Amino acid sequence: MSSSDIFIGETIGTAILILLGGGVCAAVTLKASKARNAGWLAITFGWGFAVLTAVYISGPLSGAHLNPAVTVALAIKDSDWSNVPTYFAGQLLGAMIGAALVWVAYYGQFHAHLTDKEIVGGPGAQATTAKAVEAQEKGAGPVLGIFSTGPEIRNVAQNLATEIIGTVVLILAVLTQGLNDKGNGLGILGGLITALVVVSIGLSLGGPTGYAINPARDLGPRIVHALLPLPNKGGSDWSYAWIPVVGPLIGGAIAAGIYNVAFA
């Protein structure tokens, strides 16, 4: 794979991943959405199908890493770091593009949600939801969860451990079952297996932190949230932002180590 193929494939694939994954979060969260309050099952399966779609679209170009933790794990497995910066660049750019497209697709819903006094509070508000108040108190605006993750209980050690554990599961599944014949990315069957593993992680381990398990998936959309002209959007919770970046990278490295010791 050439550097241009890698960059283009990762940009397109990660943009599709975040468009569909962030899209299901917007659909469930925003007040004027037909899917509002569809619940955690909708979110977990939405993200799983997002992974499946993104892998099948980008796989022929870049191997569909779509996740810096996958890229790091494969670099450790193969002792080849030459393409890591190209993968990272495509993944971060793609994540930002996907998040911006979610905003475009739900533009009216974002405006309606963030100007509703029951959501954002203010003079004349009849009821400001406890969840919105709690989120704002912790530096996260009322729609930040559409773009990036956040903990239900703030405990640095636990939050970091949760992201590490979830990513170890994901990367072990990728390395043992998901790779294509060349071993440099996800294959056709591997894409399906990985998508189902993402659903499983969301259902079983997603409750504490929202299961970023992907640094680009969290950081790129968080940057977009900070930049977008959203009314009453609140903060982007930068004090937490390092955990869904560092945790998955550690998890990817641990999984690669386990793989090299136990499976290689």
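See the structure above.
Because the structure is predicted, anything quoted here is derived from the model rather than measured.

Novice: Looking at this model, I keep getting lost on the environment of N214. Mind explaining?
Specialist: The topology assignment puts N214 in the loop between α10 (188–205) and α11 (215–227). Look at N214 and you get buried, because its relative accessible area is 5%. For the pair N214 and I16, spaced 198 residues apart in the sequence, the C-alpha separation amounts to 14 Å.

Novice: So what exactly am I meant to see when it comes to the packing of aromatic side chains here?
Specialist: Evaluated as defined, the whole model comprises 5 aromatic pairs. With a centroid separation of 6.3 Å and an interplanar angle of 45°, the aromatic rings of F45 and F49 are classed as tilted. Taken as a pair, F45 and F49 lie in helix α2 (residues 40–62) at a separation of 4 residues, close to a single helical turn. Look at F49 and you get exposed, because its relative accessible area is 53%.

Novice: How should I be thinking about the pattern of salt bridges in this particular structure?
Specialist: If the charged atoms of two oppositely charged side chains come close together, the side chains can form a pair. Inspection of the entire model under this criterion finds 5 salt bridges. A salt bridge links K31 to D116; its shortest N-O distance comes to 2.9 Å. Of the two residues, K31 is situated in the loop between α1 (3–29) and α2 and D116 in the loop between α5 (107–114) and α6 (117–120); the sequence distance between them amounts to 85 residues. Judged by relative accessible area, K31 falls into the partly exposed class, the value being 34%. Two residues, K77 and D78, come together in a salt bridge whose shortest N-O distance is 2.8 Å. Each member of the salt-bridge network shares a partner with another, and the members are K31, D116 and E118.

Novice: Mind showing me how you'd approach the side chain of S148 here?
Specialist: Structurally, S148 is set in the loop between α8 (144–147) and α9 (156–178). The contacts of S148, once residues within four sequence positions are left out, are R217, D218 and R222.

Thresholds applied
Residues numbered from 1 in each chain as written. Predicted model: local features only at pLDDT ≥ 70, side-chain atom pairs only at ≥ 80, totals over all residues. Heavy atoms only, no water. Helix = DSSP H or I, 4+ residues; strand = E, 2+ residues; numbered from the N terminus. Buried < 20%, exposed > 50% of the residue type's maximum accessible area, 1.4 Å probe, protein only. Phe/Tyr/Trp six-rings, centres within 6.5 Å; stacked < 30°, edge-to-face > 60°. Salt bridge = Lys/Arg side-chain N within 4 Å of Asp/Glu carboxyl O. Contact = heavy atoms within 4.5 Å.

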